[in-house]
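Survey of secondary and tertiary structure
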Amino acid sequence: RTRSGRASEPSIHRGDARRRNEAMTRCARANDARRDARRCAVTTGATRAPAGSALDAARAFSNLVLDSKKFASEAEAEANAMDLGPRAGVVSSCVLLYSVKSGGRDAGAVEGAMAAIPGGLNAGNVDFVVDKAKANLASMWSTKVDGRVSVELGWWLVNDADACEKKAIEMLALCDDLKTPRDKLLFKIPATYAGIEATRRLEARGVACHVSHVYCREQANAAIDAGASVVQLYYSRLNAWYKSKKSLDANADPGYELARDALARAKAAGGKTKIMVASLANVDAVKRVLGADYLLVGQRIIDELANTPASDLGETIISDAASVAVGAPARLDEAAYRAACDASPASEELEIALKRNAASDSELIDYINEHKGGGGNA
């Protein structure tokens, strides 16, 4: 009954309600589908960036890099092809673990490495299996990215330049065996004092290096002067560290200053070294360092940029970098280099990364030992 006490007309009112509910459901599903499509578009690369958007304009100044652990199938990629500039991949023990646990084609990198050992797996060749798995995955991904695949070397090598150089050459040989194009490869080396020396030697041999965990000017300068192909900085993490130390005034932006000065030095050195800025917490952070060669951005930021007008971007870091006075290359001794790292987030972040990656290495080796009967086709 209605509030007035009159009998309602169920056949009509209920039908209207049902149709209204069905329409609302269809509308909600359509909105969900559009949202999911947009997310897929960004993850695997979807239709082109909206014209007039900040995303579209940003690509004129920086390559926006989406770092993927797992790539979509060729059919999905073809259906959702979006040109966001070079996409990259980082191959590490952590990523290999993700691959075997989540399944799919990428798991074949580890399975194929295990199957490739004559006489079976034992304690003496498990490290080779890990290296082979990394080479397999790098080869697989090299056909799926527009940019490069960065292969992480073992973190136990971070303070041994000779061992780091040797490992990179061994990894390169494994990639050569798989006919992976060398111009698609980078070898990821942390910016320790020994890592910089290994980078100098490898770049002199034509082996492209990706120097990571750069948090201070001394690290950036050393990596650029060593001829590193890519130097990776961490904007928001750097600022957060200084803020936690209560050593920033209201206008200070050490993440910006490091990116600006590194970009200036790289340009002055001839432009071989490309500056990548990671740890971009929000769109404002992207705006601050827009103009660096590569910006490592997440799904949420891409979505926001796609819905932000280009007029909101403002100036880029390029003009400021052009006015920076760049000093001549000068090598620090190890004590001075370590002191600079200790005075910045570098030492702490390197230690955290060392422990995290050592744990991943150990877990991957445990997985390999537990699955000795596995096979694959890589």
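Residues numbered from 1 in each chain as written. Predicted model: local features only at pLDDT ≥ 70, side-chain atom pairs only at ≥ 80, totals over all residues. Heavy atoms only, no water.

**What about the overall build of the protein chain?**
Here is the rule: Secondary structure follows DSSP: runs of H or I at least 4 residues long count as helices, runs of E at least 2 residues long count as strands, and numbering of each begins at the N terminus. Burial status follows relative accessibility: with a 1.4 Å probe on protein chains alone, a residue under 20% of its type maximum counts as buried, one over 50% as exposed, and anything between as partly exposed. Any pair of residues with heavy atoms lying within 4.5 Å of one another is described as a contacting pair. Only the protein chains shown count as cover for residues, and the accessible areas themselves come from Shrake-Rupley with a 1.4 Å probe.
Regarding its fold elements, the protein chain presents 16 helices and 8 strands. Counting over 378 residues, the protein chain shows a buried share of 48%. Within the protein chain, contacts between residues at least 6 apart in sequence are counted, and of these 70% link residues at least 24 apart. Carbon and sulfur atoms form 50% of the exposed surface of the protein chain, whose accessible area is close to 18,500 Å².

**Some remarks on the side chain of threonine 192**
For threonine 192, the location among the structural elements is in the loop between strand 4 (185-190) and helix 8 (193-204). If we skip the residues at most four places from it in the chain, threonine 192 touches Val158, Asn159, Tyr337 and Leu350.

**Section: the confidence of the model for the protein chain**
Filter applied, for reference: Scored between 0 and 100, pLDDT is the confidence that the predictor attaches to each residue.
Per-residue confidence for the protein chain gives a mean pLDDT of 82; residues scoring 70 or more make up 80%. Across residues 1-47, confidence stays below pLDDT 50; counting only partners more than four residues off in sequence or on other chains, it has 39 contacts. In the predicted structure, residues 374-378 sits below a pLDDT of 50 and forms 14 contacts with residues beyond four places in sequence or in another chain.

**A few points about the pattern of salt bridges**
For side chains bearing opposite charge, pairing can occur when the charged atoms are close. The test is simple: Every case where a carboxyl oxygen of Asp or Glu lies within 4 Å of a side-chain nitrogen of Lys or Arg is listed as a salt bridge.
One pass over the full model with this rule turns up 24 salt bridges. The closest approach of N and O atoms between arginine 331 and glutamate 197, which form a salt bridge, is 3.9 Å. Residue arginine 331 is found in the loop between helix 14 (317-322) and helix 15 (334-342), and its partner glutamate 197 is found in helix 8; the two are separated by 134 residues along the sequence. The class for arginine 331 is exposed, based on a relative accessible area of 63%. Here the salt bridges do not stand alone but share partners, grouping Asp162, Glu165, Glu197, Arg200, Arg201, Arg205 and Arg331 into one network.

**A closer look at the pairing of strand 4**
Test applied: A pair of strands is treated as paired once DSSP finds two or more bridges between them. Seen with the strands pointing away from the viewer, any crossover whose path from the first strand over the helix to the second strand runs clockwise is right-handed.
Of all 6 residues in strand 4, 6 are buried, a share of seventy percent or more. The alternating pattern of strand 4 places Leu185, Phe187 and Ile189 and Leu186, Lys188 and Pro190 on opposite faces, both of which are buried. Where strand 3 (residues 149-152) meets strand 4, 4 bridges bridge the pair, whose relative direction is parallel. Along strand 4, the bridge assignment pairs serine 150 with leucine 186. In terms of handedness, the path from strand 3 via helix 7 (residues 161-177) over to strand 4 forms a crossover that is right-handed.

**Focus on the pairing of strand 6 (residues 230-234)**
The buried count for strand 6 comes to 5 of 5 residues, which makes it a mostly enclosed element. Side-chain alternation along strand 6 places Val230, Gln232 and Tyr234 on one buried face and Val231 and Leu233 on a second face that is also buried. Direction of pairing for strand 5 (residues 209-214) relative to strand 6: parallel, over a ladder of 3 bridges. For histidine 210, the partnering residue across the bridge sits in strand 6 and is valine 230. In this fold, strand 5 hands off to helix 9 (residues 217-225), which returns the chain to strand 6; that crossover is right-handed. Pairing analysis gives 5 bridges linking strand 6 to strand 7 (residues 274-278), with the strands arranged parallel. Paired with tyrosine 234 across the strands is alanine 278, a residue of strand 7.

**Concerning the environment of serine 53**
For clarity, the threshold we go by: Contacts described as polar in this section are N or O atom pairs within 3.5 Å, which, within protein, must combine one atom able to donate a hydrogen with one able to accept it, while residues neighboring in sequence count only if both atoms come from side chains.
One can find serine 53 in the loop between helix 1 (10-45) and helix 2 (54-58). Sequence separation between serine 53 and proline 309 is 256 residues; the distance between their C-alpha atoms is 4.6 Å. In this structure the side chain of serine 53 is engaged in a polar contact, spanning 3.1 Å, whose partner is the backbone nitrogen of aspartate 56.

**Some remarks on the sheet that holds strand 2 (residues 89-91)**
What counts here: Note on geometry: axes are lines fitted to C-alpha atoms, helical ones only across the stretch in contact, with angles between N-to-C directions running from 0 to 180 degrees.
If you walk across this open sheet you meet the 8 strands as 1-8-7-6-5-4-3-2, and the pairing is parallel. Only two strands of the sheet have a single partner each, and these edge strands are strand 1 (63-65) and strand 2. Between one strand axis and the next, the sheet turns through 25° on average, direction left out of account. Its contacts with the sheet place helix 11 (residues 254-268) against strand 5, strand 6 and strand 7, and it is angled at close to 165° to strand 7.

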